[in-house]
Amino acid sequence: MSKLLSILKRYIPERFRGRRFLLDQYHFDLTSFEGDVSDWVNKFPISQQNVEIYFALAELFRRRGEFDKAVSVHEALAKANLEGHSLSEITLEIAQDYYAAGVLGHAEELLVRALEDADEGLSRQAFRLWLAILESEQDWQRAVELVEQYGIAGSGGLRLANLYCEYVQQVRRQKSASALNKIIRKASRLGVSARAEMLAAELATEQNQLGLAISIYRELLLKDPRRINLVLVPMRHLSTVHGSLDSFSRFMKQLYRRHPSVRILDVLLDQNLTSNQTLTDDLDTDVEKQLQEGDSESVLQYWLAKQPSVVKESILPLMPALKKNFLDSADDHLCIECGFHSEKMVWLCPQCGSWETLYSRYELKIEQKLKKAT
Ligand SMILES: [Zn+2]
């Protein structure tokens, strides 16, 4: 035992702390480890006295990217069959080695076994790892089945809702409308996912249920007006086709009072909608305010149209400089969990792995201003 420790001292770095066993008390200094695992195990058979060191060593190999050695140590531990360390526990460790090595199929096989045999705590670990594997393989159907069978892991309903959404996207061209509706309804029922509502509205639109689609968009905006940048265009289009632009404008006007995004004002000012003058004739104060912010070309154009020609002529040369600040070119998406930003809207943050945490930077700013004001 003491000989094993003294050899380990040379190999294991100070920074390394085993999950079960603190190794830093030995002040190991690792430069390289070239030894053969089976030689080690032959020389120093695994026993109750050194078992924790072997676990720590395997974990160290895994962290260093030496996955074959990690697997060998774990397999030796499994063979040793010591009290206090169940086969399921070690199987899960080996699955983690394979997962870290990117050998997902093999990891999965082991996890299926671990999930069936293990106690509750280990099952949960096996479940989480398996779900991560299915997500990285984009096997959404099995991911959904897994969660339905064993419960929700991590970020709760939001994660499950997004698994359903991914699944719907994947099979959108293959499955019948009613089958797709059934899946998306499950996501919707969780009541936490804007993306599920977006998808439900898209499906309703495809199935020519325009009134339904419009009401889904409304509900979504009432719940979270920061999603206006995603909803505005399809909702306006639907309302045009559906012949309900007046009610659309009324709704948007109310929403603007709650969430004064210039995107909404742009739409209200648009010529197509101003046919009903009563909706827009009291927006001049809003136009003045938004003009100061300098976010919107439509607002500027609307204001300019009412100015004498001398003002118009003095503003025109400034247009190229002003354009840079207009929302169309200046807005991007920001993760509210980790600060990651992306030009394209994505539902899963690639940096922190959270679902639905990216928002339009501009709409977030509007919300913050409102909060400060109250
Ligand atoms: Zn993030």
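Residues numbered from 1 in each chain as written. Predicted model: local features only at pLDDT ≥ 70, side-chain atom pairs only at ≥ 80, totals over all residues.

Student: How would you sum up helix α6 (residues 104–117)? Please name residues and give values.
Tutor: For α6, spanning 14 residues, the distance from its first C-alpha to its last is 20 Å, which sits close to the expected 20 Å at 1.5 Å a residue. Burial in α6 covers these residues: Ala-107, Leu-110, Leu-111, Ala-114 and Leu-115. The buried side chains of α6 occupy one side of the element, clustering within an arc of 140 degrees when seen end-on. Facing away from the buried side of α6, by more than 90 degrees, are the exposed residues Gly-105, Val-112 and Glu-116. Taken together, the buried residues of α6 touch α5 (87–101) and α7 (120–136). (Helix = DSSP H or I, 4+ residues; strand = E, 2+ residues; numbered from the N terminus. Expected span 1.5 Å × (residues − 1). Buried ≥ 20, exposed ≤ 12 C-beta atoms within 10 Å, placed from the backbone. Arc of directions from axis to C-beta. Contact = placed C-beta atoms within 7 Å.)

Student: So, the packing of helix α8 (residues 140–150) against helix α9 (residues 156–171): which residues are in play, and what are the values?
Tutor: How two helices pack is summed up by the angle between their axes together with the distance between the axes. At a closest axis distance of 8 Å, the pairing of α8 and α9 adopts a crossing angle of 150 degrees. Considered as vectors, α8 and α9 are oriented roughly antiparallel to each other. As for how α8 packs across α9, the hand of that crossing is left-handed. On α9, the residues that touch Trp-140, Gln-141, Ala-143, Val-144 and Val-147 of α8 are Leu-160, Leu-163, Tyr-164, Glu-166, Tyr-167 and Gln-170. Here the residues of the contact of α8 with α9 sort into eight nonpolar, two polar and one charged. (Axes fitted to C-alpha atoms, helices over the stretch in contact; angles between N-to-C directions. Parallel < 35°, antiparallel > 145°, perpendicular 65-115°, else oblique. Left-handed = near helix turned anticlockwise from the far one by under 90°. Nonpolar A, V, L, I, M, F, W, Y, C, P; charged D, E, K, R; others polar.)

Student: Kindly report on unusual backbone geometry, identifying the contributing residues and their values.
Tutor: Notably, Asn-81 is not glycine yet its phi reads approximately 50 degrees, a positive angle. Considering the arrangement of structural elements, one finds Asn-81 in the loop between α4 (67–80) and α5. On the neighbour-count criterion, Asn-81 (11 C-beta atoms within 10 Å) is exposed. The backbone of Asn-208 shows a phi angle near 65 degrees, a positive value even though the residue is not glycine. When you line up the elements, Asn-208 lands in the loop between α11 (194–206) and α12 (210–223). A tally of 9 C-beta atoms within 10 Å means that Asn-208 is categorised as exposed.

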